[in-house]
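Here is how the chains run, residue by residue.
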Amino acid sequence: MTANDILLESRDLVKRFGGLVAVNEVSFTLERNTVLGLIGINGSGKTTVMNCLNGLYKADGGSIRFEGEELIGRSPHEVTRLGIGRTFQIPRVFRRMTLIDNLLVPLLGSNLSDAELTEQAEECLAQVNLHGLRQNYAEELSGGQQKLLELARLIMLDPKLILLDEPFAGVNPSLCQLLLERIEGLLDKGKSFILVSHDLTSIYRLSSHIIVLNEGRKIAEGSVDEVKNNPDVIEAYLGSASA
């Protein structure tokens, strides 16, 4: 792996909340056009890492570099402009706006015409099977459909890196399959992902590399097989045999 292969690099990332060290010197690299899986039990620090990556939290130590640009200290909209998009465990959609308008909001001020933007939004909604609902309000969608809407909004922005926080949680199997297929389709188009999920089946299917957190620390990393068979990971998820 060369420097040009690395899209994002975290070095000794630290985030504290008072006396609690939620992320404790976590380091990892993300190669271009790959999925990095980020797993761990509840409270392990996964979402805190994601919040540091996209600027919602300012890290207390370490470095996060995206294509050579330092991210720590940048606001979420600055991070977005650099080419990083984000979805959330609880979808953040504009509930009293139509699906079309949800996709147009991030591109306010664009040089494209209204007709061009609307055409682009309709194409993005079609990719996630929501085109037929384009004039419905977002609050009318199921939770799974709202996650698809969030993904479509990211597709409108055309980011290089997409951060997915629990995209499969609370989603029915058919929509999970659609999400998986769309993520794989975006991979084929050169996108990169960091994926947080408790759905290990999906993590194992999508990820080329996985890191495992426990109590804010990285306890393991490697390929799917290496992580599956790591005794520290087994103990973190299942507890020690003597417990």
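Report on the accompanying structure. Owing to the predicted nature of the structure, the values given are computational and were not obtained by experimental measurement. Every chain's residues receive numbers from 1 upward, in the order its sequence appears when written. Only residues with pLDDT of at least 70 are given local features in this predicted model, and only at 80 or more are side-chain atom pairs given and counted; all residues enter the totals for whole chains, interfaces and linings. Only hydrogens and water are removed before side-chain values are computed, so all heavy atoms of the structure are retained for them.

With respect to the sheet that holds strand 3 (residues 35–39)
Here is step 1 of the chain: The strand order across the open sheet formed by six strands is 6-7-8-3-9-10, and the pairing between neighbours is mixed. The sheet terminates laterally at strand 6 (84–86) and strand 10 (217–222), the two strands that pair on one side only. Each strand axis lies, on average, 20° off the axis of its neighbour in the sheet, ignoring direction.
Here is step 2 of the chain: For two strands to count as paired, DSSP must find a minimum of two bridges between them. Starting at the N terminus, helices and strands are each numbered in turn, a helix being any DSSP run of H or I of at least four residues and a strand any DSSP run of E of at least two. Pairing between strand 3 and strand 9 (residues 209–214): four bridges, direction parallel. From the neighbouring strand, Leu36 faces strand 9, where its bridge partner is His209.
Here is step 3 of the chain: Note on definitions: a residue-residue contact is assigned when non-hydrogen atoms from the two residues lie within 4.5 Å. Interaxial angle, 0 to 180 degrees, is taken between N-to-C directions of lines fitted to C-alpha atoms, where a helix line uses only the stretch in contact. Along the sheet, helix 1 (residues 46–53) contacts strand 3, strand 6, strand 7 (161–165), strand 8 (192–196) and strand 9; its crossing angle with strand 7, the most-contacted strand, is approximately 150°.
Here is step 4 of the chain: Helix 6 (residues 173–188) contacts strand 3, strand 7 and strand 8 of the sheet and is inclined by roughly 150° relative to strand 8.

What about unusual backbone geometry?
Here is step 1 of the chain: Of note, the phi angle at Asn33 is positive, near 60°, even though the residue is not glycine.
Here is step 2 of the chain: Looking at the element boundaries, Asn33 is found in the loop between strand 2 (20–31) and strand 3.
Here is step 3 of the chain: At Glu166, a residue that is not glycine, the phi angle is positive and equals roughly 50°.
Here is step 4 of the chain: Structurally, Glu166 is set in the loop between strand 7 and helix 6.

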